[in-house]
Structures are given as structure tokens and as C-alpha cells.
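Below are the chains, spelled out letter by letter.
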Amino acid sequence: MQAMIQFPDLSPEIFSISIGTFEFALRWYALAYITGIVIAWRLAVAALRRPALWPGQQPPMRPEQVEDLLTWIILGVILGGRLGFVLFYQPAYYLANPGDILKIWQGGMAFHGGLIGVIAASWIYAARHGIPRLQMADLVAHTVAPGLLLGRLSNFINAELWGRPTDLPWGVAFPGQAAQDCGQALGALCARHPSQLYEALMEGPILGALLLYLAWRRGAFFTPGRLLGVFLAGYGFARFIVEFFRQPDAQFVTPGNPLGLAWQIDGFGLTQGQALSLPMIAIGLWFLIRARQSDRSAA
């Protein structure tokens, strides 16, 4: 018998309250967003209150401005994440059903779209308040990893975004017909990679520890763009690797394309997540090269 881990008895909801016909439910995913934002806020404020971390001991903005910036970032995450999902993953469906674009409570958010939304919102905020864009981007980038960790853990609790079938002993038998439909023998369970946990580890503790170390111990804020580059390249690389283990979105899987490759030639290609991650890696490396050249010029 194949060794595997049974999915624990977890509910996507922490608690729910019913008042007449109205029902309020606090979900783990919502709590992850809220907690991630609070942690990012406190990390940003702590960095701004340490003038020694910044060139000329001049932080790019006042600590009290972080709250205003977070409002812009939250809007960027929601609008960018939703539009990214619509454009990158299901454009045909939403072109035929444009009214469903606004139904964000039914799910459907894309990280890459959310990232674009955050960058756009931050850039606009920086321009309005005369804040150096790259310094603010570094400030934001070094705070994001805890939220990513919590978000991926919530994906696991929700039993969503699971991985491809595996016979490894840590494979998880996720609940639901879709998760259990992987061509196994009748009556047998399907074990899948817990790809949410792989991604949580790489995007959270590993990438987050590197960013905090560079920011607080290695003077990375003195070279604008360095932390932004590390974040973009690091996240892009982590996501690219995880895509080899993650079950692709159903709309890309066909009998002739079981790997769900969105871009392919003769069976070799990239999933949509990998295709969207490559520009992140390239842009991140560009910022790192630019930061290195700036260091050499200053020396």
C-alpha cells in the first residue's frame, strides 16, 4: 500500500456567526491577509524608525505615512490580483461573462496580477508625495514574505492549489472529487504533492530571512533597488520551481496536454505560472546588476 498523509480535518472557516438570514464567517485566508498586512506595516515602521539603515540617515518617508501607503497597496492587491486572474488565466470566460469579474467573493486572484497592482499603486503614491520610488520599493519588498507564508498556509488549509500526483511518502490525500481524480485504481486514494507547503517554505522563511538579513545587517537600503531585485528574482525562482510540482489550472489541462503547459512546442514548454515568473526573474536580476554597478561607482 502506498504511504501517504491523510488531509487533516481542517475547515476554511475559523468561526461563523448567523444573525437571521445574515451569516458572517471569518476564513483563514482573510485572516492571513489581515495578519500579513499588519506584520508588513510594523516591519516598515520599524525600518523607518532606524535612520542608520538609510543613506545619509534619511528614511524615504515618515513612519506615519505607512498607514496611507497600505491603503493604496490593499487596493492594488485586490484590483491587480483580480484583473490578473481574469487576463492571465480565464480571459475567454470573463469576456463572455464580464459581470462575473466583480464577484471576487467567488474566488480567483493571481499573485502576479496583485504584484503589478502593488507596484502601480506604490509608484503613484510615491509620485504624489515626492518619495524616492526605489527606496520605497525596497521598504515594501522586505516586508512581504510573512504574508506570502500565511497565504500559502491558508491555501493548504483550504485544500486548494494542491500539487501533482506523487508516490512520495509525504504525499497528501486532499479531499474533493477534483483532487482525487488522478487515474488511480478504483477505490484507491490519490496522493498529491503539498505544493502549497513547498511554496510557503521558499517564499516565507527562506526568502523572508534573506531579505531581512540584507536590510538589517548588510546595509541593503543604502543601494536602492537591491532588495526589490532580491524579492522579484527570489519569488520568481521559487514559483518557477514549485510549478513542476503544482497541479496546473484546469483550463490548461487537456488529454493531449496532461501537464497543463500554457506555452509549448512538441510537449516541451512552460506552465502559465512559469511563463509569468520568468519576467520577474529577469527584472529582479536587472535591478541586482544595476545595484551592483551603483556600488562600484560609489566606491
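Residues numbered from 1 in each chain as written. Predicted model: local features only at pLDDT ≥ 70, side-chain atom pairs only at ≥ 80, totals over all residues. Heavy atoms only, no water.

(A) Region of interest: the environment of Leu228. Relative to the helices and strands, Leu228 resides in helix α8 (residues 226-242). On the accessibility criterion, Leu228 (9% relative accessible area) is buried. For the pair formed by Leu228 and Pro8, sequence separation is 220 residues and the distance between their alpha carbons is 37 Å. Ignoring anything within four residues of it in the chain, the contact list for Leu228 reads Leu134, Ala137, Asp138, Ala141 and Phe287. (Helix = DSSP H or I, 4+ residues; strand = E, 2+ residues; numbered from the N terminus. Buried < 20%, exposed > 50% of the residue type's maximum accessible area, 1.4 Å probe, protein only. Contact = heavy atoms within 4.5 Å.)

(B) Spotlight on the nonpolar core. Counting 38 residues, the largest nonpolar core has Met61 and Phe231 as the members making the most contacts within it. Listed by contribution, the elements that provide at least two residues to this core are α1 (28-48), α2 (65-88), α4 (111-129), α5 (133-141), α7 (195-216), α8 and α9 (272-298). Not counting residues up to four positions away in its chain, the partners in contact with Phe231 are Phe111, Leu115, Ala141, Val144, Leu148, Leu207 and Leu211. (Core = buried A, V, L, I, M, F, W, Y, C linked by side-chain atoms within 4.5 Å.)

(C) Spatial organisation of the packing of α7 against α8. Put simply, α7 and α8 touch, their axes get as near as 10 Å, and they point 160° apart. The pairing of α7 with α8 is recorded here as roughly antiparallel in orientation. The hand of the α7/α8 crossing is right-handed. Residues Ser195, Tyr198, Glu199, Met202, Glu203, Leu207, Leu210, Leu211, Leu214 and Ala215 of α7 touch α8, and the partners they reach there are Leu227, Val230, Phe231, Gly234, Tyr235, Ala238, Arg239 and Val242. Considered class by class, the residues forming the contact of α7 with α8 number 13 nonpolar, 2 polar and 3 charged. (Axes fitted to C-alpha atoms, helices over the stretch in contact; angles between N-to-C directions. Parallel < 35°, antiparallel > 145°, perpendicular 65-115°, else oblique. Left-handed = near helix turned anticlockwise from the far one by under 90°. Nonpolar A, V, L, I, M, F, W, Y, C, P; charged D, E, K, R; others polar.)

(D) Representation of the packing of α4 against α8 in the model. Contact pair α4 / α8: the axes reach a minimum separation of 13 Å and the direction vectors enclose 170°. Compared by their axis directions, α4 and α8 come out roughly antiparallel. Side by side, α4 and α8 meet where Phe111, His112 and Leu115 of the first sit next to Phe231, Leu232, Tyr235 and Arg239 of the second. In the contact of α4 with α8, the residues fall into 5 nonpolar, 1 polar and 1 charged.

(E) How the structure looks around the side chain of Gln272. Here Gln272 is to be found in helix α9. In this structure Gln272 comes out as buried when scored by relative accessible area, which is 11%. Engagement of the side chain of Gln272 in a polar contact is seen with the backbone oxygen of Phe88, the distance being 2.5 Å. There is a polar contact of 3.0 Å between the side chain of Gln272 and the side chain of Trp263. If near-sequence neighbours (up to four positions away) are discounted, Gln272 is found in contact with Phe88, Tyr89, Phe252, Ala262 and Trp263. (Polar contact = N/O pair within 3.5 Å; in protein donor to acceptor, adjacent residues only side chain to side chain.)

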